[in-house]
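Survey of secondary and tertiary structure
These are the residues of each chain, in order.
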Amino acid sequence: MCRAHGTDCIYPRPGDNSRRGSVASPRKLTPKSRQTPRTAAQPKKSLSTLTSLHNQQVLTHPVEAVSPSREFAPQTISRPAASLETQSCPPIHGHFSREAFPNLVGIVTEADDNSSHIVSPAVAEDNDILESYLSTVPDARRRSIIQTDPNSRRPVRPVLFNTVPRRPLGVSANQSLPATKCEFIEKYLEPGVDDVVDLFFHHVNICFPIFDEMSFRHVYCTHKENISPAFLCNLYANALIYWENSPSLRSGRCPDIRFIWNQANEALHSELFLSPGISTVMAIILNVCGRPSTSIFGNGGMVGTAVALSNALGLNRDPSNWNIRPMEKSFRIRIWWLVIIHDRWCSLAYGTPLQIHRAQYDVPYPTIDDLCSPNASQSQIAASLVFLSLIKLTDVLGIYLQHVYRVSESTPYPPEMSSMDLERLLTDWEESLSGDVRHIVLRGTHLNAPGAANFRLAYLAIKLLLRRIQLDLDAEPMKAVDETTSPFYTQAQRAAEEIVHMVRELEESHFRGFWIPVHAFSLTSATTFLLRSGLRRSNAHSNAPLKLAEDMISTLRSHRDRFSWDLADNCLTTCSDLVEKLSSADAGNYSLSAVPAFQEIDFCNSSFLDELLIGFPELTDTSEI
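Values in this document were obtained by computation on a predicted structure and should not be read as measured data. (Residues numbered from 1 in each chain as written. Predicted model: local features only at pLDDT ≥ 70, side-chain atom pairs only at ≥ 80, totals over all residues. Heavy atoms only, no water.)

Moving on, we get to the overall build of the chain. If you tally the helices and strands in the chain, you get 25 helices and three strands. Considering only contacts within the chain whose residues lie at least 6 apart along the sequence, 74% involve residues at least 24 apart. Here the chain has roughly 27,500 Å² of accessible surface; of this, 53% comes from carbon and sulfur atoms. (Helix = DSSP H or I, 4+ residues; strand = E, 2+ residues; numbered from the N terminus. Contact = heavy atoms within 4.5 Å. Areas by Shrake-Rupley, 256 points an atom, 1.4 Å probe, with all protein chains shown as cover.)

The next subject is the nonpolar core. In this structure, Tyr 236 and Leu 523 are the most contacted members of the largest nonpolar core, which totals 139 residues. Apart from residues no more than four positions distant in its own chain, Leu 523 is found in contact with Leu 457, Ile 499, Val 503, Met 552, Leu 556, Trp 565, Leu 567 and Cys 571. Membership of the second largest hydrophobic core comes to five residues, among which are Leu 471, Tyr 489, Ala 492 and Phe 529. (Core = buried A, V, L, I, M, F, W, Y, C linked by side-chain atoms within 4.5 Å. Buried < 20%, exposed > 50% of the residue type's maximum accessible area, 1.4 Å probe, protein only.)

This next bit is on the packing of aromatic side chains. The full count for this structure, using the stated rule, is 22 aromatic pairs. With centroids separated by 5.7 Å and ring planes inclined at 65°, the aromatic side chains of Phe 211 and Phe 231 adopt a geometry described as edge-to-face. Linking Phe 211 in the loop between helix 8 (193–205) and helix 9 (213–222) with Phe 231 in helix 10 (residues 229–239), this pair joins segments that are 20 residues apart in sequence. Its relative accessible area of 3% is what places Phe 211 among the buried residues. Looking at Phe 231, the relative accessible area reads 0%, which means it is buried. Ring geometry for Trp 337 against Tyr 365: centres 5.1 Å apart, planes inclined by 35°, an arrangement best described as tilted. Of this pair, Trp 337 sits in helix 14 (residues 326–350) while Tyr 365 is found in the loop between helix 14 and helix 15 (368–371), placing the two residues 28 residues apart along the sequence. (Phe/Tyr/Trp six-rings, centres within 6.5 Å; stacked < 30°, edge-to-face > 60°.)

Okay, unusual backbone geometry next. Residue Pro 191 follows Glu 190 across a cis peptide bond; omega there is 5°. Relative to the elements of secondary structure, Pro 191 occurs in the loop between helix 7 (177–189) and helix 8. If you check the backbone angles, His 446 has positive phi at about 60° while not being a glycine. Mapped onto the fold, His 446 is located in the loop between helix 18 (435–442) and helix 19 (452–478). Here the phi dihedral of Ser 564 falls at roughly 55°; this positive angle occurs in a residue that is not glycine.

Within the secondary structure, Lys 329 is located in helix 14. Spatially, the C-alpha atoms of Lys 329 and Asp 370 are 8.7 Å apart, while their sequence positions differ by 41 residues. Setting aside anything within four residues of it in sequence, one finds Lys 329 in contact with Pro 319, Ser 320, Trp 322 and Ile 324.

At a closest axis distance of 9 Å, the pairing of helix 20 (residues 487–505) and helix 22 (residues 520–536) adopts a crossing angle of 130°. Classified by the interaxial angle, the pair formed by helix 20 and helix 22 is oblique. For the element pair helix 20 and helix 22, the recorded crossing hand is left-handed. For the pair helix 20 and helix 22, contact is made by Tyr 489, Ala 492, Gln 493, Ala 496, Ile 499, Val 500 and Val 503 and by Ser 522, Leu 523, Ala 526, Phe 529, Leu 530, Arg 532, Ser 533 and Arg 536, respectively. When the residues that make up the contact of helix 20 with helix 22 are grouped by side-chain class, the tally is 10 nonpolar, three polar and two charged. (Axes fitted to C-alpha atoms, helices over the stretch in contact; angles between N-to-C directions. Parallel < 35°, antiparallel > 145°, perpendicular 65-115°, else oblique. Left-handed = near helix turned anticlockwise from the far one by under 90°. Nonpolar A, V, L, I, M, F, W, Y, C, P; charged D, E, K, R; others polar.)

Turning our eyes to something else, we now look at the pattern of salt bridges. Counted according to the given criterion, the structure contains 19 salt bridges. Put simply, Asp 362 and Arg 317 hold a salt bridge, and the shortest N to O gap is 3.6 Å. One end of the pair, Asp 362, is in the loop between helix 14 and helix 15; the other, Arg 317, is in the loop between helix 13 (296–312) and helix 14, with 45 residues separating them in the sequence. Across the pair Glu 431 and Arg 438 runs a salt bridge, and its minimum N-O distance is 3.7 Å. (Salt bridge = Lys/Arg side-chain N within 4 Å of Asp/Glu carboxyl O.)

Bringing helix 8 into the picture now. Side chains that are three or four residues apart share a direction in an α-helix, a result of its 3.6 residues per turn. The terminal C-alpha atoms of helix 8, which comprises 13 residues, lie 17 Å apart, in line with the 18 Å expected from a rise of 1.5 Å per residue. The complete set of buried residues in helix 8 reads Val 193, Val 196, Val 197, Leu 199, Phe 200, Phe 201, Val 204 and Asn 205. Buried positions along helix 8 lie against helix 7, helix 9, helix 10 and helix 12 (278–288). (Expected span 1.5 Å × (residues − 1).)

Turning to the environment of Phe 455, a few remarks are in order. Residue placement: Phe 455 occurs in helix 19. In this structure the C-alpha to C-alpha distance between Phe 455 and Leu 393, which are 62 residues apart in sequence, comes to 9.3 Å. Not counting residues within four places of it along the chain, the set of residues in contact with Phe 455 comprises Val 386, Ser 389, Leu 390, Leu 393, Trp 429, Val 437, Ile 440 and Val 441.

The next thing to look at is the packing of helix 12 against helix 13. To describe two helices that pack against each other, one gives the angle between their axes and the distance between the axes. Relative to each other, helix 12 and helix 13 sit at 155°, their axes nearing to 9 Å. Classed by the angle they form, the pair helix 12 and helix 13 counts as roughly antiparallel. Here the hand of the crossing between helix 12 and helix 13 comes out left-handed. Packed against helix 12, whose contacting residues are Thr 280, Val 281, Ile 284, Asn 287 and Val 288, the element helix 13 presents Asn 299, Met 302, Val 303, Thr 305, Ala 306, Leu 309 and Ser 310 at the interface. Looking at side-chain class alone, the contact of helix 12 with helix 13 contains seven nonpolar, five polar and no charged residues.

This part takes up the side chain of His 559. Within the secondary structure, His 559 is located in helix 23 (residues 544–563). Judged by relative accessible area, which is 6%, His 559 ranks as buried. Once residues within four sequence positions are removed from consideration, His 559 is found in contact with Val 503, Phe 511, Ser 564 and Trp 565.

According to the stated counting rule, one finds four cavities of 30 Å³ or more in the structure shown. In this structure, the second largest cavity encloses a volume near 60 Å³. Going through the elements one at a time, helix 16 (378–404) and helix 19 are the ones with two or more residues in the lining of the second largest cavity. For the lining of the second largest cavity, the element with the most residues is helix 16, which contributes four residues. (1 Å grid on protein atoms, 1.4 Å probe; cavity = no way out; pocket = protein on both sides within 12 Å on 5 of 7 lines; lining within 4 Å. Points joined across faces, edges and corners; volume = space filled by probe spheres on them.)

Scanning the model with the defined rule gives zero disulfides in all. In this structure Cys 182 is a free cysteine whose sulfur lies 4.3 Å from that of Cys 233, the closest cysteine sulfur available. (Disulfide = S-S within 2.5 Å.)

Our next topic: helix 11 (residues 257–274). For helix 11, with 18 residues, the first-to-last C-alpha span of 26 Å sits near the 26 Å given by 1.5 Å per residue. By the burial criterion, the buried members of helix 11 are Ile 257, Ile 260, Trp 261, Gln 263, Ala 264, Ala 267, Leu 268, Ser 270, Glu 271 and Leu 274. In this structure, the buried residues of helix 11 make contact with helix 7, helix 10, helix 12 and helix 13. Of the residues that open helix 11, the one with a side-chain oxygen 3.2 Å from the backbone nitrogen of Arg 258 is Asp 256. (Polar contact = N/O pair within 3.5 Å; in protein donor to acceptor, adjacent residues only side chain to side chain.)

Structure, rendered in structure tokens:
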């Protein structure tokens, strides 16, 4: 209406007396939306607000963005501005920021009965027509449009949120199994609960940052009762793997980690049913990243749920130009990328297609400023640089996985790429690195930085995957020719060998540091490829791949016994028996030189290999990469 009548859109300033006692500022309007002219003395009706009065600002655009605090849930016109933040947050003194902490209270709480849910872009344009009607209806429930970049040269889908109930019908807020589970875990861990929180920040959050430590600690100390109990349960369970790293905790008996995880899982599943929100996404991130990892189906299902919730909450959209606080922008960006990391690495480990595709999100990479405060320590900066490099490496992994899981011949996506094109992706990423991060990747040094050893293994795993893909692409035109003649076969063997050497060189501090649990499958992948190479060797007296596989098993067994390194479990369970059988065949009556090449073997009739590979059916299919 302002534009139609040629008038200026004037918004009330924070100091206006008329604002006191009124509802908060609206969180909607597209560039075409209709709004009656107002003066500074006329209070606006609230469409959907999530911020407190002391933080209201003069708007510079006629389009506003919904604030994601308090689960990013838009409110109705009639809802008063008094919110959890204004009701419960005490004045912030000292170095704490008044601007930051109320937002974090809302982010990790589940207090509201309603939440926001993104509206399909296909129908978001309808809001322009509907708003002209809703603006004339008192107390109408209205939806919230998000501002997009007006200077963008590409068409940008509007971002529209609607208010939906958080809980199923008939379920009240006081039916909280998660709260009971959280209290139970805290009683079980007393008096070391605070020490467990310290372990989480010193060993997990620094490498896999979910939020700012100072902000969370303040909320944890002052508004703990408002934090999602399912999220807290999974935070405690996630940190217990580092129990021995705490001088005050290791003197006592370590609690039963599996029992704690079972309680945390029940709390999370209950919250998923009762009141899912962004705190649930955070809890899932902690759950899937938790060690020891024992459930492929459970973790895969959780990742799928996190992806679905993230899309429903609009986390897949770029918030850079939204009219929300910088803290909320960086929070949304980092949560989305943590979900992507889980989706793609679980896809590689579990053999399931990735669920997030590049064309379906426009969230930028986080920056060092999003992760580190100005007074961050050198250790925090080093860990953040490693994490940012891991994000970009994960993007390369996503492209490789599109080729791994492409099964439809009639679909042109992803576009065909040659072996050299695929390698150029990894090479370009390597060339983008600098400083200590470059040394971690190319030389395997500087592994004492938080998360560096995990990052190095991630790089070697992707390098092995690339060689497997190249070998598979090279084998197609070769048909009957022995694949060992391909140059990629030797390169794949070298990549697996690098993983063995890295595992050998790990020190005690590395085992007690941060690891993504799905990397356990990378160790298994390297070992199985070495066994595959060993079986193809015609000269048993120089069977280097088999010897490397034996070294891998013996080294992992030592690490498991000495340091309780749980990442060794999968490889030991899958490959140790097979390595022993092959070693016995090599040293006993059987000779590996007498074992024919795989393409010459009739697996159905070969009694020797039936006995040799029993329990390892995946090794009898050489068509898999």
